[in-house]
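# Remarks on the overall topology
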Amino acid sequence: MSGATKRRWRDVPLAAAMLGPSLVVLIAFVLYPLGRAVWLGQQRCNVQATKCRSVGWGQYTDVLRSNEFQSAVWVTLKFALITVPVGLALGIGLAVLADKHMRHIGFFRTVFSSTVATSVAVASLMWLFLLQPSVGVLANIGWLNDIFPVIKEPGLLNDKGTALSSVAISSIWANLGFTFIVITAGLQSIPRELQESAFVDGAGGWRRFTNVTLPLLGPTLLFTTVVLTSRAFQAYGEIDLLTNGGPVPQQSTTTVTYLIYGSSSIIKNNEGLKAAVAVLLFVILLGLSALQFRGLGKRVHYGS
Amino acid sequence: MASIRLVGVSKHFGDVKAVDNVSLDIADREFMILLGPSGCGKSTLLRTIAGLEDPTGGEVFIGDRMVNEVLPKDRDVAMVFQSYALYPHKSVRANIEFPLKVRGVDKAERADAASQAAEVLGLTPYLDRKPGALSGGQRQRVALARAIVRRPAVFCMDEPLSNLDAKLRAETRAEIVALHHRLEATFVYVTHDQVEAMTMGTRIAVMRDGVIEQVGSPQEVYDRPASVFVAQFIGTPPMNIFPAGAIEPGDHLVGGRPEDTVISDDHATSHDRGVAATVVLVEHLGHEAQVVCAVDDHTRAIVRMNPSDDLPRNGDTVRLNVPEEARHRFDAVSGARID
Amino acid sequence: MALDTTPKGWRSWVRYALLIVMAIIILFPIYTTIVASLKPGNRVLRNPLVPDSFTLDVLGDAWTQGRLGKYLWNSAVVAIIVTMFQLLTSIMSAYAFSFLRFPLKRFFFAIFMATLLVPFEVTLLINRRTVDSLGWLNTYQGLAVPFLATAFGTFLLRQVFMQIPKDLNEAASMDGLGHWGFMREVAVPLVRPTLGALGLFSFLASWNQYLWPTMITTEDDMNTIQSGLRLLRSSDLDKPNLIMAGTIIAAIPILVVLVVFQRQLVRGLTAGAVKG
């Protein structure tokens, strides 16, 4: 027995050396802050956050019941419900459109992939310059303003009806390169023989797409959906740059993430409340990913 | 001096006794075969010698040194794996040189030794290729070259030929035997193939269920198998084992090799002793014919005959017998040989 | 009869038409940005779609006024540090989980995996305080250290390390190679494609960080390109073409990186497929 026991322990110093650096970072900057945030979530702090005192776990339920939080969750949900399905549909459409042997197809693929090179700041500033009501491009095209006066007054980003959709469009555009590349890779990994056997069976183009291509694309689509959803729930930069959570007073683009970190968020000076919202966001995301895997996982066909 | 001595070696994986209290002496420069069916513990025993497994109990000696606590690299042992275990990203030359490089041998000496080893195994034209571009037989030889380049005292080989096709296997068998003569080192060779065991080994240790059933020279093991298991594991086709009382009186089993078993017409010599059987299959192999007979529901016997003889036909009733001097007797319960 | 999916006749014209329309829509924001950045300030609001005048002055102004060079440098330094360290720490921890035997291995692995479920949004709040108390606001350490390890990379590399045959590890130990040696000589070279993908993934993720740099940077000197663009936007809205020029300049380096590492791109993007 001594040999086996010894072997079990022989690698311990080495394992400690190899795991140590990662463990230190992950504990100090992921696990500790998580625990600390949960604790901070039941505290009230002064503006400088130098003094905090516990006000009880009831603060979480208070936050949960507050109009501000509920509105932020609703805004986030709407944002996700626009960006994910539209982004996915556009991604699939473009990928299928460009998945043919045609002349110049390489050029189109490059164009469709191009937005992958834009960071959230770059993409948002490009769209700001399109949508901004005074100096924006759209606002300075006369005939367009005649048809859609909202572009100039109050501006697509400043109207409570169009602000969220406008941010969503910029976000969809920014993610489209990623979605296109991933789905194209998924399409190309589908064995050609399957398409051919469906063809021999007499299936037309559309039937081949719905009966062969789409099911086999399942894992890719699941992955893309998960990524797009988590990006939607964590959207911050585009809101910070395009609308600052506004227009006020409806806060129609204040998502949960913006509620925590936004410079014009109404809780920006309350560390305890911010922590409580952050922890609740964490719980929502956990539930969401569990849901996605249960719901979508069942209908996904994995290749052998 | 690289004799190997195993004293009461055991290796347990949880409740499974892969090797159970095995003692074995392997002489310097011997070619020892560990033979047995899969799962018999032969590979585990080999890995214990190489140091890749720590024994649960017992002691392993290489030379005069107890090596239980010695790391594999310090045992002066080389190992050839069934999968060859070549580094796929390194060239053949780099693979062969690698053990020397790790040991800090200088570049020129390393290159010399590698070219020499490659020369011996006919690998010189392939030195700059990657293992992926070689055939199975060539990879196998690279693995051998990597082992010999270190000039270890002991070579451990774990079914090194099992991934080769039949023709290549026969050729490589001869090469390994030649290598053994040339290197003057101790070989421990694991296989489940009795032809390899018979043709290559100076001695064979037949294993079953973690225990050594018999150790002896190939001829000894063939001529005087220590148990029914050994008798049936070695020899193709395997030895016929007749139920107690069928060939001769007594409550022991009687065995006879197919070439020693005689077949006779049921009527002509009906007074002869022997056992009645029904012919179920006659196989013509060209140089011989094999007659498969059913003695009873559980017992089959195979008789080797000259194809030019008068062969029985399917469904014929015949009598089978084994001449007194060719009989092997085994205990009906334990299966052990009775002399 | 074979399946020929190359469109012919009117079908191909319809497809080309669709492709062109989509390409125009996608390129539109990029086009207007480029046009604006090449126009002098007084003409930018007139005919925004037509490149009727041309100057490189705005790009030059954006470069000097916006201190974009400094921002890009900061971003590059941080992204390179983060990428190198993430590769290093992931290789080591993935190696330990794949090749070493030690007590509580599954427990430690579970801890690593648990960190994958925690979004940045929850931790950054507290990390700001940690970095502040370490005196790391406005430093490279502050920007990089919280991201020096990644459970995701560990998981990804463990997947490929586990595919290395056990025999290879044993052969190396017979040859006298220790674990560090095996890692350097065999394990790492064998998983090079995955390392490339992970490296690109880490680099892009770090480069594109927006929230964190805006949280811990208060001195202009330490802005990354992302937080720098934010600063540019809030200060210079009366000069939109300057912002657009800055945006173009900010996009170019990552474009170059993506062109150079084209082969790793798809794997790098889909590497996240294992990240729930």
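Each residue is numbered by its place in its chain's sequence as written, counting from 1. The naming scheme follows written order: chains are lettered A onward, ligands numbered 1 onward. It should be noted that, the model being predicted, local features are given only for residues of pLDDT at least 70 and side-chain atom pairs only at 80 or more, the latter also being counted only at that level, while totals for whole chains, interfaces and linings use all residues.

Before going further, it helps to spend a moment on the overall build of chain C. When you go through chain C residue by residue, the secondary structure sums to 14 helices and zero strands. Helices and strands in chain C line up, N terminus first, as α-α-α-α-α-α-α-α-α-α-α-α-α-α. A compact globule built from 276 residues would reach a C-alpha radius of gyration of about 19 Å, whereas chain C, at 24 Å, exceeds it by more than 25%. For every residue, the other C-beta atoms within 10 Å of its own C-beta are counted; 20 or more classify it as buried, 12 or fewer as exposed, and values in between as partly exposed. C-beta atoms are placed from the backbone. The proportion of buried residues among the 276 residues of chain C is 48%. Secondary structure is summarised from DSSP: a helix means a run of H or I of at least four residues, a strand means a run of E of at least two, and numbering begins at the N terminus for each. The globule rule is 2.2 Å times the number of residues to the power 0.38, and the radius of gyration it is compared with is taken over C-alpha atoms.

If you tally the helices and strands in chain B, you get eight helices and 19 strands. For chain B, the spread of C-alpha atoms along the three principal axes comes to 80 × 45 × 35 Å. With 339 residues in all, chain B has 42% of them scored as buried.

Time to look at the nonpolar core. A set of buried residues drawn from Ala, Val, Leu, Ile, Met, Phe, Trp, Tyr and Cys, joined through C-beta atoms within 7 Å, is what defines a nonpolar core. One finds A:Val277, B:Ala145, B:Val154, B:Cys156, B:Val188, B:Ala205 and C:Tyr95 to be the most contacted residues of the largest nonpolar core, which totals 250 residues. If you tally residues by element for this core, the top one is helix H3 (residues 68–99) of chain C, at 14 residues. Residue pairs qualify as contacts under a 7 Å threshold applied to their C-beta atoms, which are placed from the backbone. Excluding residues that lie within four positions of it along the chain, B:Ala145 makes contacts with B:Ile96, B:Ala117, B:Ala118, B:Leu121 and B:Leu123.

To continue, consider helix H10 (residues 192–207) of chain C. Residue and element names in this part refer to chain C. In this scheme, a helix's expected span is set at 1.5 Å multiplied by one less than its residue total. Between the first and last C-alpha of H10 there are 22 Å, a value that for 16 residues agrees with the 22 Å anticipated at 1.5 Å per step. The buried fraction of H10 is high, at twelve of 16 residues. Buried within H10 are the following residues: Thr 194, Leu 195, Ala 197, Leu 198, Gly 199, Leu 200, Phe 201, Ser 202, Phe 203, Leu 204, Ser 206 and Trp 207. Where H10 is buried, its residues meet H3, helix H7 (151–161), helix H13 (240–260) and helix H14 (262–270).

All names here are of chain B. In this document the domain limits rely on a domain assignment from an automatic tool or a database. Per the domain assignment, the segments making up chain B are domain 1 (4–232) and domain 2 (241–338). When each unit is reduced to the centre of its C-alpha atoms, the spacing between domain 1 and domain 2 is 38 Å. The interface of domain 1 with domain 2 comprises eight residues on the first partner and eight residues on the second. Amino acids outside the nonpolar list (Ala, Val, Leu, Ile, Met, Phe, Trp, Tyr, Cys, Pro) and the charged list (Asp, Glu, Lys, Arg) are all regarded as polar, and Gly is one of them. For the side of domain 1 that touches domain 2, the per-class residue count stands at five nonpolar, two polar and one charged.

With that out of the way, let us pick up the sheet that holds strand E9 (residues 203–208) of chain B. Through backbone hydrogen bonds, the strands of a sheet pair up, either in parallel or in antiparallel fashion. Residue and element names in this part refer to chain B. Reading across from one edge, E6-E7-E8-E3-E9-E10 is the order of the six strands in this open sheet, with mixed pairing throughout. Edge positions in the sheet fall to strand E6 (77–80) and strand E10 (211–216), since each of these pairs with one other strand and no more. The mean angle between the axes of side-by-side strands here comes to 15 degrees, regardless of whether they run parallel or antiparallel. Strand pairing is assigned whenever DSSP identifies at least 2 bridges connecting the two strands. Of the strand pairs in this sheet, strand E7 (residues 154–158) and strand E8 (residues 186–191) are connected by five bridges, and their pairing is parallel. Looking at E8, one finds that Met 157 is bridged to Tyr 189. Lines fitted to C-alpha atoms define the axes here, with helix axes fitted over just the stretch in contact, and angles between the N-to-C directions of these axes take values from 0 to 180 degrees.

As a packed pair, helix H2 (residues 12–40) of chain A and helix H5 (residues 120–133) of chain C sit with axes 8 Å apart at the nearest point and diverge in direction by 90 degrees. One finds that H2(A) runs roughly perpendicular with respect to H5(C). Packed against H2(A), whose contacting residues are A:Phe29, A:Val30, A:Pro33, A:Leu34, A:Arg36 and A:Ala37, the element H5(C) presents C:Val122, C:Thr123, C:Leu125, C:Ile126 and C:Asn127 at the interface. Of the residues assigned to the contact of H2(A) with H5(C), the class counts are eight nonpolar, two polar and one charged. Here the angle decides the label: under 35 degrees means roughly parallel, over 145 means roughly antiparallel, 65 to 115 means roughly perpendicular, and every other value means oblique.

The domain architecture assigned to chain C consists of domain 1 (11–55) and domain 2 (62–274). A breakdown of the residues in the side of domain 1 of chain C that touches domain 2 of chain C according to their chemical character gives three nonpolar, three polar and one charged.

A word on the environment of B:Leu24. Residue and element names in this part refer to chain B. Its place among the elements puts Leu 24 in strand E2 (residues 16–26). Taking the number of C-beta atoms within 10 Å as the measure of exposure, Leu 24 has 19 and is therefore partly exposed. Sequence separation of Leu 24 and Arg 141 is 117 residues, and the distance between their C-alpha atoms is 29 Å. Contacts of Leu 24, omitting those with residues within four sequence positions, involve Leu 6, Ala 205, Ile 212 and Val 215.

What helix H5 (residues 105–113) of chain A keeps buried is the set A:Phe108, A:Val111, A:Phe112 and A:Ser113. For H5(A), the secondary structure elements touched by its buried residues are helix H4 (67–97) and helix H8 (163–188) of chain A together with helix H1 (9–37) of chain C.

A few words on the packing of helix H2 (residues 92–102) of chain B against helix H3 (residues 107–120) of chain B. All names here are of chain B. Remark: H2 packs on H3, axes separated minimally by 9 Å, with the N-to-C direction vectors making an angle of 130 degrees. Between H2 and H3, the angle is such that the two are oblique. Classified by chirality, the crossing of H3 by H2 is right-handed. Taking contact as the criterion, the partners of Arg 93, Ile 96, Glu 97, Leu 100 and Lys 101 in H2 are, on H3, Arg 110, Ala 113, Ala 114, Ala 117 and Ala 118. For the contact of H2 with H3, a count of residues per class yields six nonpolar, no polar and four charged. Crossing handedness: left-handed means the near helix sits turned counterclockwise from the far one by under a right angle, and right-handed means the same turn made clockwise.

A separate point is the interface of chain A and chain C. Residue-level contacts link 75 residues of chain A with 70 residues of chain C. Tallying contributions element by element places H2(A) first for the side of chain A that touches chain C, with 16 residues. Tallied by class, the residues present in the side of chain A that touches chain C amount to 56 nonpolar, twelve polar and seven charged.

Once that is clear, we can look at the sheet that holds E2(B). Residues and elements named next belong to chain B. Spatial strand order, E2-E1-E4-E5: four strands in an open sheet with antiparallel pairing. Each of the sheet's edge strands pairs with one partner strand only, and the pair in question is E2 and strand E5 (65–66). Inspection of the sheet shows strand E1 (residues 4–13) paired to E2 by seven bridges, in the antiparallel sense. Paired with Phe 13 across the two strands is Val 16, which belongs to E2.

Each neighbour pair has its own omega, and for B:Thr236 with B:Pro237 the value is -10 degrees, a cis peptide bond. Located in the positive-phi region is B:Glu184, a residue other than glycine, with phi close to 50 degrees. Residue position: B:Glu184 is located in the loop between helix H5 (166–183) and E8. At C:Asn138, a residue that is not glycine, the phi angle is positive and equals roughly 60 degrees. Checked against the element boundaries, C:Asn138 lands in the loop between H5 and helix H6 (140–144). Assessed through the 16 C-beta atoms surrounding it within 10 Å, C:Asn138 is described here as partly exposed.

What follows is about the pairing of E9(B). Residue and element names in this part refer to chain B. Inspection of the sheet shows strand E3 (residues 31–35) paired to E9 by four bridges, in the parallel sense. Looking across to E9, one finds that Leu 35 is bridged to Val 206. Bridge analysis of E9 against E10 gives five bridges, and the strand direction is antiparallel. By the bridge assignment for E10, Met 207 is matched with Ile 212. Counting the residues between successive antiparallel strands, the hairpin from E9 to E10 contains two residues, one of them, Asp 209, with a positive phi of roughly 50 degrees.

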